[in-house]
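# Examination of the molecular architecture
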Amino acid sequence: MSKPMKNKCDLLLHADVVVTQDGKRRVLRHGSVAVADGVVVAVGASSELRQAWEARDKMDLPGKLLMPGLVNGHCHAPMVLLRGIADDLPLMEWLEDNIWPIEHQLTEEIIELGARLACAEMLATGTTAFLDGYIHEEVVGRAVQQSGMRAVLGEGFFGFPSPMFPTPQHCWDSIRDIDGQFAGEPRVRSAVTPHAVFTVPPEHLTASYELAEELGMPWQVHLAESPVETAVCMEKYGKRPVELLDSLGLLSSRVTLHHCVDVNDGEIALLAEKQARVVHNPASNFKLNSGMCPVQKMLDAGVVVGLGTDGAASNNQLNMFRDMGLAALMGKVRADDASAVSASSVLDMATRNSAQCLHWPELGRIEAGCPADIIALDLDAPNLQPLFNPVSQLVYATSGHEVCMTMVAGKVVYRDGKYTEFDRNELFEEVRRVQSWIEERRS
Ligand SMILES: [Zn+2]
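None of the values given here were measured: they were computed from a predicted structure.

## Observations regarding the coordination of the zinc ion
- At the metal site, the zinc ion is ligated by His74 (NE2), His76 (NE2), His222 (NE2) and Asp310 (OD), and these contacts range over 2.1 to 2.4 Å.
- What the 4 donor atoms of the zinc ion show is an angle range of 84 to 177° at the metal, which sorts the shape as irregular.
- For the zinc ion, all donor residues lie on one chain, and their spacing in sequence is H-x1-H-x145-H-x87-D. With His76 in the loop between strand S5 (70-75) and helix H2 (91-103) and His222 in strand S9 (residues 219-223), this residue pair connects regions lying 146 residues apart in the sequence. Comparing His76 with His222 shows no difference in burial state: the two are buried.

In structure tokens:
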């Protein structure tokens, strides 16, 4: 009798634990993942997959846990170069007196370097995709392309003339241009990105939304980040931020809203009804004392809530594991309920929900048909012993530095402290040079 024919794949990964984040949230002990053409083709018990699949390459990962790459729902990647430049200040003072004066002097080369450093930090801490917002996003896209990551680029704009864009029309042209530049790159997409409702007037918000509709892109904006923003919005327009967007007809499933800290119950119901997505940024909200987002209320209402780091100047890390831990802890204090914002809901936020915030819903899960964006964590770390509940461990006990392998679209881009696509020492050397450049311009 001939042996049964095996299915063929490029790579078969075996690990002690696989946290799939699939529809059933299966957690497999001794699980395997089969990958072909950068896509997951099967997930299941190692004993079964070893029988059923023949792979060109195998990766045996004893003592390791596999999970989907984390999805950072809100980032300003190049701002990582401003990490630690100004801390312990309220939002407006921090932004207007410390961040914007330096940002206005940044060159394309420096922005690209910042994005490269951001990609390095995210890959090392298990993030495989992010939703960005900054200027010169074409060079952010280049950094993403080179590092092997995945991103949605958000070329940001304000209502007032800036050195980048004398008029919003210049920004619309730039968005089309960037989208065209990455048309052949499956790991890079674009989003329309007005800064906030207090810096972009209603007519430009509306016009940019129409552009997003025309180009089939997501539309993202900072919204209701703090009570200060609400006060400014009330004074300018006589409406609260969510109310203002709704009155303009700009709440829909196309929309991703960053922060939503200062929202009331009626506004939460409206966000759910309109299917707008919300990205929660706990570290940034804490650091700038912006307030506490009512995450559990949003989840109860059916709002899709993702998780993000925000920029590294207000976090100061791009490490989603830290934001996962903070989201769970803060969620309980905000709801005055220890059962609120559970570990499993936080893991959903950092994976599947953030994927929806990127409007890339097939990310954030290890499931047949989804891109093979997979990370491995070393379970030998003392803080991960003993292992009763892997999901609890990932949210409450993991630091992010247990990540030992990061794969995007089936390709290993980070393993055991080394990047496959670039040299970390050369990158850090360039960062030190730019630090001196920034210091000269501050004094
Ligand atoms: Zn932000």
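On we go.
## Things to note about the pattern of salt bridges
- Tallied over the entire structure, the rule returns 19 salt bridges.
- Note that Asp60 and Arg50 form a salt bridge whose closest N and O atoms lie 3.6 Å from each other. With Asp60 in strand S4 (residues 53-68) and Arg50 in helix H1 (residues 46-52), this residue pair connects regions lying 10 residues apart in the sequence.
- Where Arg187 meets Glu185, a salt bridge forms, and the shortest distance between an N and an O atom there is 3.8 Å.

## Notes on the packing of aromatic side chains
- Going through the model one piece at a time under the given rule, you end up with 6 aromatic pairs.
- When the ring of Phe158 is compared with that of Phe160, the centres are 5.0 Å apart and the planes differ by 10°; the resulting orientation is stacked.
- Note on Phe160: relative accessible area 41%, which makes it partly exposed.
- Measuring from centroid to centroid gives 4.5 Å for Tyr419 and Phe422, while their planes differ by 20°, and the two rings are stacked.
- A cation over a ring is seen here: Arg189 above Trp360, with NZ or CZ 3.7 Å from the ring centre.

## Some points on the domain arrangement of the chain
- Partitioning the chain into structural domains gives domain 1 (7-68 + 364-409) and domain 2 (70-357).
- The centre of domain 1, based on its C-alpha atoms, is set 29 Å off from the matching centre of domain 2.
- Taken together, the contact between domain 1 and domain 2 spans 27 residues of the former and 27 residues of the latter.
- When domain 1 packs against domain 2, the two sides together hide about 2,000 Å² of surface, and 61% of this comes from carbon and sulfur.
- The largest contributions to the domain 1 side of the interface with domain 2 come from Val395, Tyr396 and Val408, which together make up 27% of the buried area.
- Summed over the shared surface of domain 1 and domain 2, the number is 2 salt bridges.
- Two residues, Arg25 and Asp348, come together in a salt bridge whose shortest N-O distance is 2.9 Å.

The rules behind these values
- Residues numbered from 1 in each chain as written.
- Predicted model: local features only at pLDDT ≥ 70, side-chain atom pairs only at ≥ 80, totals over all residues.
- Heavy atoms only, no water.
- Donors = N, O, S within 2.8 Å, 3.2 Å for Na, K, Ca; no water.
- Tetrahedral: all angles 85-135°; square planar, octahedral: opposite > 155°, others 65-115°.
- Helix = DSSP H or I, 4+ residues; strand = E, 2+ residues; numbered from the N terminus.
- Buried < 20%, exposed > 50% of the residue type's maximum accessible area, 1.4 Å probe, protein only.
- Salt bridge = Lys/Arg side-chain N within 4 Å of Asp/Glu carboxyl O.
- Phe/Tyr/Trp six-rings, centres within 6.5 Å; stacked < 30°, edge-to-face > 60°.
- Lys NZ or Arg CZ within 6 Å of the ring centre and 35° of its normal.
- Domains from an automatic or database assignment.
- Contact = heavy atoms within 4.5 Å.
- Buried area = accessible area lost by both parts, 1.4 Å probe.

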